[in-house]
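Geometric and topological summary
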Amino acid sequence: MRIRFHFRWIPFVATVLLVMLGLSLARWQDRRAEQKIALQAKLAAGNAAAPLVVGPAPLAPAALEFRRVTVTGRFVPSWALYLDNRPYQGRAGFYLLMPFQIAGSDMHVLVERGWLPRNTAERDRLPAYATPAGTVTIEGIAKLSAGHVMQLGSAPPLRPNAIVQNVDVGQFGSASGLRVQPFLLEQSGAGAAPGDALVRDWPAPSLGVERHRGYAFQWYALALMAFLFFVLTGFRRGTDQKRP
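It should be emphasised that the depicted structure is a prediction, and the values quoted were computed from it without experimental measurement. (Residues numbered from 1 in each chain as written. Predicted model: local features only at pLDDT ≥ 70, side-chain atom pairs only at ≥ 80, totals over all residues. Heavy atoms only, no water.)

It is worth spelling out the packing of aromatic side chains at this point. All told, the structure shown has eight aromatic pairs when counted by the stated rule. When the ring of W9 is compared with that of F12, the centres are 5.8 Å apart and the planes differ by 85 degrees; the resulting orientation is edge-to-face. Here W9 and its partner F12 are both found in helix α1 (residues 9-48), three residues apart, which amounts to about one turn of the helix. Look at W9 and you get exposed, because its relative accessible area is 61%. A relative accessible area of 30% places F12 in the partly exposed class. (Phe/Tyr/Trp six-rings, centres within 6.5 Å; stacked < 30°, edge-to-face > 60°. Helix = DSSP H or I, 4+ residues; strand = E, 2+ residues; numbered from the N terminus. Buried < 20%, exposed > 50% of the residue type's maximum accessible area, 1.4 Å probe, protein only.)

This is how it looks when you write it as structure tokens:
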């Protein structure tokens, strides 16, 4: 029995489109995985390097991201902010943000000082914590943002001691009138006040390299299955047409 392939334009065009879509999305996921691998390397290099001393001169945020930095100055507790919906080990709580004035200047760094539990019975009651007085040196990781959570409706204007969902450095600088470096400092334990009640067990960035690779495999598989389906059904149709 001679096997023939029956070519049809509509299945062919549909197959080409599916293969192109699958390959395009698979390559996009591959690129995302490569970006995350580069970010992993950047994180490792930043942790291994000596801390960079931050002064009053404005710095490029992209060059500082995930670098260990150190800065000397004093906290400005009058402009504290509380980032809501930041749970820790299953407990509701806040991330405390507070500006830090760099010694000998009017430049500030917005510091993510740590996690505080929320009073679930009195949701507007702010937790107690300690703030170092006078000049101190703190250390931490430079970040471009404190992360973003879903927010319903428009955000109210920033004000001191406000409970907010999200905030960025530029927004804080405009609301407070303070000069700020264009990055956040995620504070480590160095320079912390004894017994300040803040938790600094910061979550590692979720990179998801394996997830991107898994998605890429699925899209490559879709492209291959579309091609094989076109070929196999074409040969079957050709064979069926030969039968009397």
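Taking burial as the measure, the eight residues of strand β6 (residues 136-143) include six buried ones, the bulk of the element. Summarising the sheet, strand β2 (residues 68-75) and β6 pair through six bridges and their orientation is antiparallel. If you follow T72 over to β6, its bridge partner there is T137. Strand direction decides the pairing type here: β6 and strand β8 (residues 179-187), joined by four bridges, are antiparallel. Within the sheet, the bridge partner assigned to G140 lies in β8 and is Q187. (Pairing = 2+ DSSP bridges.)

Among the surface-exposed residues, F7, W9, V13 and L17 lie close enough to one another that they form a single nonpolar patch of about 450 Å² accessible area. With respect to the element layout, V13 can be found in helix α1. (Patch = residues over 30% accessible without salt bridge, like charges linked within 9 Å, V, L, I, M, F, W, Y side chains within 5 Å. Areas by Shrake-Rupley, 256 points an atom, 1.4 Å probe, with all protein chains shown as cover. Salt bridge = Lys/Arg side-chain N within 4 Å of Asp/Glu carboxyl O.)

Right, let's talk about the environment of S188 for a bit. Tracing the backbone through its elements, the reader meets S188 in the loop between β8 and α4 (209-242). Exposure remark for S188: the relative accessible area of 26% places this residue in the partly exposed category. Along the backbone, S188 and R68 are 120 residues apart, and their C-alpha atoms lie at a distance of 9.6 Å. Excluding anything up to four places from it in sequence, S188 contacts E139, G140 and R200. (Contact = heavy atoms within 4.5 Å.)

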